[in-house]
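The residues making up each chain are set out below.
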Amino acid sequence: MSTNLNRRQLIGAGLAGGLALTSTATLPSLADESSETDLFTLGVASGDPLPDSVVLWTRLCRSPLAPDGLGGMAARRYPVRWEVAEDDAFRRVVRRGSTVAAPSWAHSVHVEVDGLRPGRDYWFRFRAGRQLSPVGHTRTAPGYDADPAALAFAFTSCQNYPAGYFTALRHMAQDDLDVVLHLGDYIYEGGGGGALGRAHAPASETFGLADYRVRHSQYKTDPDLQALHAAHAMISVPDDHEVENNWAGDISQVDTEPDQDPAVFRQRRAAAFKAMYENMPYRRAQLPDGPDMRLYRRVRYGRLLDFSMIDTRQYRDDQLEDCVGDCEARRDPGRTMLGEAQERWLVDGLADPGAARWKVVGNQGISFEADRVAGPGVAYSQDNWGGYAGARQSLYDQVHEAGVENLVVVTGDAHRNASAELKLDFADQSSPTIGTEFLGTSVSSGGDGGDQSALTRTWLAENPHIKFANDQRGYQRVRVSRETLEVDYRVLEYVTRPGSPVSTRETMVVESGRPGIVAGGRV
Ligand SMILES: [Fe+2]
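Procedures and definitions
Residues numbered from 1 in each chain as written. Predicted model: local features only at pLDDT ≥ 70, side-chain atom pairs only at ≥ 80, totals over all residues. Heavy atoms only, no water. Phe/Tyr/Trp six-rings, centres within 6.5 Å; stacked < 30°, edge-to-face > 60°. Helix = DSSP H or I, 4+ residues; strand = E, 2+ residues; numbered from the N terminus. Buried < 20%, exposed > 50% of the residue type's maximum accessible area, 1.4 Å probe, protein only. Donors = N, O, S within 2.8 Å, 3.2 Å for Na, K, Ca; no water. Tetrahedral: all angles 85-135°; square planar, octahedral: opposite > 155°, others 65-115°. Polar contact = N/O pair within 3.5 Å; in protein donor to acceptor, adjacent residues only side chain to side chain. Contact = heavy atoms within 4.5 Å. UniProt positions renumbered as here; feature names shortened; annotations may be inferred. Expected span 1.5 Å × (residues − 1).

Considering the packing of aromatic side chains
Inference 1: Per the counting criterion, the structure on display carries 14 aromatic pairs.
Inference 2: Considering the side-chain rings of phenylalanine 153 and phenylalanine 307, the 4.9 Å spacing of their centres and the 85 degrees angle between planes classify their relative orientation as edge-to-face. Taken together, the positions of phenylalanine 153 in strand E9 (residues 150-156) and phenylalanine 307 in strand E13 (residues 305-309) put the pair 154 residues apart, joining distant regions of the chain. Pair check on accessibility: phenylalanine 153 and phenylalanine 307 agree, each one buried.
Inference 3: With a centroid separation of 6.0 Å and 75 degrees between ring planes, the pair formed by tyrosine 296 and tyrosine 315 is classed as edge-to-face. Remark: tyrosine 315 occurs in the loop between E13 and helix H6 (340-351) and tyrosine 296 occurs in the loop between helix H5 (262-279) and strand E12 (297-301); sequence separation between them is 19 residues.

Things to note about the coordination of the iron ion
Inference 1: The iron ion binds to the protein through Cys158 (SG), Asp185 (OD), Tyr188 (OH) and His415 (NE2), with metal-donor distances spanning 2.0 to 2.6 Å.
Inference 2: Because the angles between the four donor atoms bound to the iron ion fall within 86 to 170 degrees, the donor set is best described as irregular.
Inference 3: In terms of primary sequence, the donors binding the iron ion are separated according to C-x26-D-x2-Y-x226-H. You can see cysteine 158 sitting in the loop between E9 and helix H2 (167-174) and its partner tyrosine 188 sitting in the loop between strand E10 (179-182) and helix H3 (209-220), a full 30 residues away along the chain.
Inference 4: For cysteine 158, a relative accessible area of 0% gives the class buried.
Inference 5: For tyrosine 188, a relative accessible area of 6% gives the class buried.

Quick word on the side chain of arginine 268
Inference 1: Inspection of the secondary structure puts arginine 268 in helix H5.
Inference 2: In this structure arginine 268 comes out as buried when scored by relative accessible area, which is 3%.
Inference 3: At a separation of 2.8 Å, a polar atom in the side chain of arginine 268 contacts the main-chain carbonyl oxygen of threonine 206.
Inference 4: Contact partners of arginine 268, with chain neighbours within four places excluded, come to Glu189, Glu205, Thr206, Phe207, Tyr212, Val243, Glu244, Glu257 and Asp259.

Re the UniProt feature "domain: Phospholipase D N-terminal" (unreviewed entry) in the protein
Inference 1: UniProt annotation of "domain: Phospholipase D N-terminal" (unreviewed entry) refers to residues 42-140 when read in the numbering used here.
Inference 2: Taken end to end, residues 42-140 is 0% helix and 52% strand, and its two terminal C-alpha atoms sit 23 Å from one another.

Points about H6
Inference 1: Across its 12 residues, H6 extends 16 Å between first and last C-alpha, which sits within 8% of the 16 Å expected from 1.5 Å per residue.
Inference 2: At its buried positions, H6 is contacted by E12, E13, strand E14 (358-362), helix H7 (389-401) and strand E15 (407-411).

Written as structure tokens, this is what we have:
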């Protein structure tokens, strides 16, 4: 049986009815010589919905912080049963099967269930030996040609475990959503203990496979994160901290570590990606091949909405380390953010006449121009699209020339909220608006935050295309209809203590067929 801890987590997620502790008859019992120690300490998850399919995830793990990264499991293969039902009591089981959790993949399980019906709610669970996992809820995508009147999703990023509680994720779990996007910094690689009794394990920066496995395991023990995964399917892309701060292609950030050698850094990236795959609900299409992982992909929600998830780390050129203020190299169109193949894939998908009405791009660092210096001088972060302004201009030009409508970029990384109109030429505010970007704050990175920091006020003063900005923690909830797309900036009062209430700081509105923001902030 699952532990009381897991039961409480499910109650907290509003899923207590789904636990069905007595309903084990539908699963055959399996011989298990193991002890009764909980095998499902990391919870369950689902991801990357299709109209007929979703991937289900769990990982057998008795001891999440075991230093070898193998979770206290024996070095053997464990049979795992799974089932999917139309109800939370598992009276109408529609799919079931068995698989194997192998030590070579840290006893993780990824089941790509097919034969499901579009746009439907399902509940799922696993069984290993005599133990049942917690119950997860998921929802398939609408049929490709369906035209739903409304959809809802949320997006989030930057959950730093020592920096604060993941209360935002608990609130996300309680919303009625079709799916959630995670835009990166799902883990942080650094050491550090913080002051909240949530010190990182291992205690130092992660380098090898065992380190990354332990770090992912630790994050997955968080009850708010478990509640989120048990409540909604997730579509995720990593940013830098899943590997190392500010990495770019085969290049580590500048420091004194052995991964200054790109060959060493590629080994580190391979370890980080392997642990990430093991601990996330990715499909087989995302199975890493050494240091390479195909993360950019499109997930369609009928004719209303599609998500183009992009990868701005693996294929980018290195950051300009010596570009202080502004510099010509920043505007060099020869420097790439996406790489040639991904950029073509992105533009082709956005420009496809059969694309959905709303085209949402799941992005990492901000693409809108954000001068961070008050007065006539300028300075830009070199790690986001601002440091690759030539590549950004090339992308915006292609989007504009193709006549792409209803482009909405959602972004993480910056640990603040902001909404901006994307100008074809940011230096000319009368130039066409080619889309809208919604930057979402962090779950916990940066600590409690406040309404507006000095930098945020400078952003607003220096960049008229930014219509709203705020520095609280929280998450972003999006309602989509044929007429409008509305983003609720959900904010918390604090994250250095558990249990903050949540409220909506601002709602920003975009209308179909009319680029730019029509309501919210300083519109
Ligand atoms: Fe971050």
